[in-house]
Amino acid sequence: MEPGTSILTEAARRRTFAIISHPDAGKTSLTEKFLLYAGAVQEAGSVRARTGQRSATSDWMEMEKQRGISISSTVLQFPYRDHVFNLLDTPGHRDFSEDTYRVLAAVDAVIMVLDTAKGIESQTLKLFNVCRSRNLPVLTFFNKFDRPGRDPLELLDEVEQQIGLRATPATWPVGIPGDFRGTIDRRTGEFTKYTRTARGAAAAPEEIIPAERAAAEEGDAWKVALDGCGLLDAIGADVDLPSFLAGKSTPVFVGSALTNFGVRALLDAVAELAPPPLPRVDVNDNERPLDANFAGFVFKIQANMDPNHRDRLAFARVCSGRFERGMDAECLRSGRAVGTKYATTAFGNDRETIEEAFPGDIIGLVNAGDLRIGDTIFQGKKIEFPGVPRFAPEVFASARPLDRGKIKQFRRGLEQLDEEGVVQVLRDLDFGDTEPVLAAVGVLQFEVFAHRLASEFNAPAEIVSSPYQAMRLTDKASAERLRQIGGIRILYRANDEMVALFENKYRLQRLMNDEPELRLDPVFDGQPDQ
Ligand code: G4P
């Protein structure tokens, strides 16, 4: 920190956000272009290349390489104008994992990327529902305007209908998807001309043209665009900061990540519209001032990523104060000291030591003790932030050790991987630990679980998918009744909570209607009901 700058000044510069999208909508491309425009990389494509290089060094990465996916969310920190951006990656694979959701607990805003040809897709919707549960401000980017797609007015309608956010275009396209001419900035009326760049390796030239000249050059396309703007003016669909910050409206931008168009406008919007870190509320509903002592919470654990090191990285979001490498800090749950000597940040998969961090920043603590997801870490007086929610599982499987002689290792693995949140382990008290049910948001979590059980705990296991479709929290009295019904199983989570698994979600619905006195609570109400 420069002498004289305060924690509040540093916090005000931060913008901590994630990009959510359906696979293939363009999240990776947009991330790369952000780095290009921010000057953090020289040439687009280098992030992917870097990931490729690293994948040779670990079997974990090997799994990612085989599947062509990125399992590990990483954090990119880069300066933009006079801000510091923290972009948290949400893995963009078809299979969900809880990690993706947890990342959203650590950000202050989100960019929702839609493929203009497709509009809102299933995974956008799921991710958005998590954002809604936190009232996160959402900026929307209609991507791939360089190729044929749907009418933008229709897309605005879809955003409003399907996710209930009032769509307020900040820029409006001139031309149609596939015959894209550029955008009108609705605040200034200026026309930014679209220039096709070859795959957008370098920043696109941005020619700003006065309205009169644009009218002469773009002809009918200009007229149609003005009509569109007139319509938007008439219905008052203007960017409105308070309702955006409250998670009720979404400023919309159009462009093409591939050819770089609209990327700068979106980055500017993150700087100008997205909120800086705000005081976080603790479990007692008290706001933690940003300039109080250091405090943060753990939202992700990444263990044993590299077999050469076998280390464990706990990612924490700083909520208040100044974090300094080597400082004294404590974990509220365990009451133990947290090691802060090995603090890193991640750029792609490369780690770099960080010396200090401020509210909004993400720190990776290496082998910092037995930190768990949701833990509050702090310096000085005790403080506790609300935990990171566990999400309603959608897929289930049973796990059985292949080698009965390795039952101890199997148990240890189950406990550890459950704690880390790799999967949720559900136990049947009659069977003990020998044949637990695993619950997850996506089947990829089972693969990671099996891989780690074999490679780290030397306890290879057979994972067989189970026919359950939904899980609900229940209690003893309700469980007695549920046990009399077929297709339902009562199990326990590690925290002794009782859960009921249903083979048929329609039967669950019927039961809820017919016997409303039964306790059948959703696991996390921020998700669409199953
Ligand atoms: P994701 O992370 O959301 O999964 O999407 P990603 O950026 O990987 O983009 C998916 C595909 O869509 C890529 O094509 C990418 O080049 C393309 N794409 C992204 N943005 C745009 C855009 O604005 N316009 C057009 N026309 N295409 C876009 P690919 O063929 O799968 O990969 P590649 O061979 O191009 O790398």
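Further up the page is the structure itself.
Residues numbered from 1 in each chain as written. Predicted model: local features only at pLDDT ≥ 70, side-chain atom pairs only at ≥ 80, totals over all residues. Heavy atoms only, no water.

(A) Molecular detail of the overall build of the protein. Along its length, the protein carries 15 helices and 29 strands. The buried share of the protein, taken over its 530 residues, is 56%. Taking the contacts inside the protein whose residues are at least 6 apart along the sequence as the reference set, 72% of them involve residues at least 24 apart. Total accessible area on the protein is roughly 22,300 Å²; 48% of this is exposed by carbon and sulfur atoms. (Helix = DSSP H or I, 4+ residues; strand = E, 2+ residues; numbered from the N terminus. Buried < 20%, exposed > 50% of the residue type's maximum accessible area, 1.4 Å probe, protein only. Contact = heavy atoms within 4.5 Å. Areas by Shrake-Rupley, 256 points an atom, 1.4 Å probe, with all protein chains shown as cover.)

(B) Representation of helix α2 (residues 27–37) in the model. Within α2, 10 of the 11 residues are buried, leaving the element largely enclosed by the surrounding structure. Listing the buried residues of α2 in full gives Lys27, Ser29, Leu30, Thr31, Glu32, Lys33, Phe34, Leu35, Leu36 and Tyr37. Phi turns positive, to about 80 degrees, at Gly39, one or two residues after α2.

(C) Local environment of the pattern of salt bridges. On inspection of all chains with the given rule, the structure shows 35 salt bridges. Where Arg14 meets Asp361, a salt bridge forms, and the shortest distance between an N and an O atom there is 2.9 Å. Of this pair, Arg14 sits in strand β1 (residues 14–21) while Asp361 sits in the loop between β20 (356–357) and β21 (362–366); the two residues are 347 residues apart in sequence, bridging distant segments of the chain. Judged by relative accessible area, Arg14 falls into the buried class, the value being 5%. The exposure class of Asp361 is buried, given its relative accessible area of 3%. In this structure, a network of salt bridges that share partners links the residues Glu10, Arg13, Arg14 and Asp361. (Salt bridge = Lys/Arg side-chain N within 4 Å of Asp/Glu carboxyl O.)

(D) Examining the sheet that holds strand β9 (residues 191–193) more closely. Read from one edge of the open sheet, four strands run β7-β8-β9-β10, paired in antiparallel fashion. Two strands lie at the open edges of the sheet, namely β7 (171–176) and β10 (207–209), each paired on one side alone. Going across the sheet, the axis of each strand differs from the next one's by a mean of 30 degrees, ignoring polarity. Across three bridges, the pairing between strand β8 (residues 179–185) and β9 is antiparallel. In the sheet register, Thr183 faces β9, and the bridge partner there is Thr192. Seen against the sheet, helix α9 (residues 220–234) touches β7, β8 and β9 and runs at an angle of roughly 145 degrees to β7. (Pairing = 2+ DSSP bridges. Axes fitted to C-alpha atoms, helices over the stretch in contact; angles between N-to-C directions.)

(E) Just the pairing of strand β29 (residues 498–502), in detail. Burial of β29 is extensive: five of the five residues sit out of reach of the surface. Alternating residues of β29 divide into Met498, Ala500 and Phe502 and Val499 and Leu501, and every residue in both groups is buried. Pairing between strand β27 (residues 470–474) and β29: five bridges, direction antiparallel. Across the sheet, the residue bridging to Arg472 is Ala500, located in β29. Sheet topology places strand β28 (residues 488–492) next to β29; five bridges connect them, and they run antiparallel.

(F) The arrangement of the site of the ligand in detail. Residues in contact with the ligand amount to 18 residues; listed here are only the nearest, Asp24, Lys27, Thr28, Ser29 and Asp146. For the ligand, an oxygen atom lies 3.1 Å from a polar atom in the side chain of Ser256. The backbone of Leu258 places a nitrogen or oxygen atom 3.1 Å from an oxygen atom of the ligand. When the free accessible area of the ligand is taken as 700 Å², the share hidden by the protein chains comes to 71%. When residues in the shell around the ligand are grouped by element, the largest group, three residues, is from α2. (Near = heavy atom within 4 Å. Polar contact = N/O pair within 3.5 Å; in protein donor to acceptor, adjacent residues only side chain to side chain.)

(G) Seen up close, the packing of α2 against helix α11 (residues 263–272). At a minimum axis separation of 10 Å, α2 and α11 run at an interaxial angle of 80 degrees. The orientation of α2 relative to α11 falls into the category roughly perpendicular. Where α2 abuts α11, its residues Leu30, Lys33, Phe34 and Tyr37 lie against Val263, Arg264, Leu266 and Leu267. (Parallel < 35°, antiparallel > 145°, perpendicular 65-115°, else oblique.)

(H) Highlighting the nonpolar core. With 80 residues, the main nonpolar core has Leu104, Phe142, Phe299, Phe323, Ile363, Leu365 and Leu371 as its most contacted residues. With six residues, the single largest contributor to this core is strand β15 (residues 312–320). Mapped onto the domain boundaries, this core takes at least three residues apiece from domain 1 (17–71 + 90–273) and domain 2 (280–378). Those residues in contact with Phe299 that lie beyond four places of it in its chain are Leu88, Arg102, Val103, Ala106, Phe315, Ala316, Arg317, Ile362, Ile373 and Val388. (Core = buried A, V, L, I, M, F, W, Y, C linked by side-chain atoms within 4.5 Å. Domains from an automatic or database assignment.)

(I) Examining the pairing of β8 more closely. The buried count for β8 comes to five of seven residues, which makes it a mostly enclosed element. Direction of pairing for β7 relative to β8: antiparallel, over a ladder of six bridges. Following the sheet pairing, Pro173 is matched in β8 by Thr183. Linkage of β7 to β8, two consecutive antiparallel strands, is achieved through a turn of two residues, within which Gly178 is found at a positive phi near 100 degrees. Hairpin geometry of β8 and β9 is characterised by an intervening segment of five residues between the two adjacent antiparallel strands and by a positive phi of about 80 degrees at Gly189.

Note that all results are geometric; they support no functional claim without further evidence.
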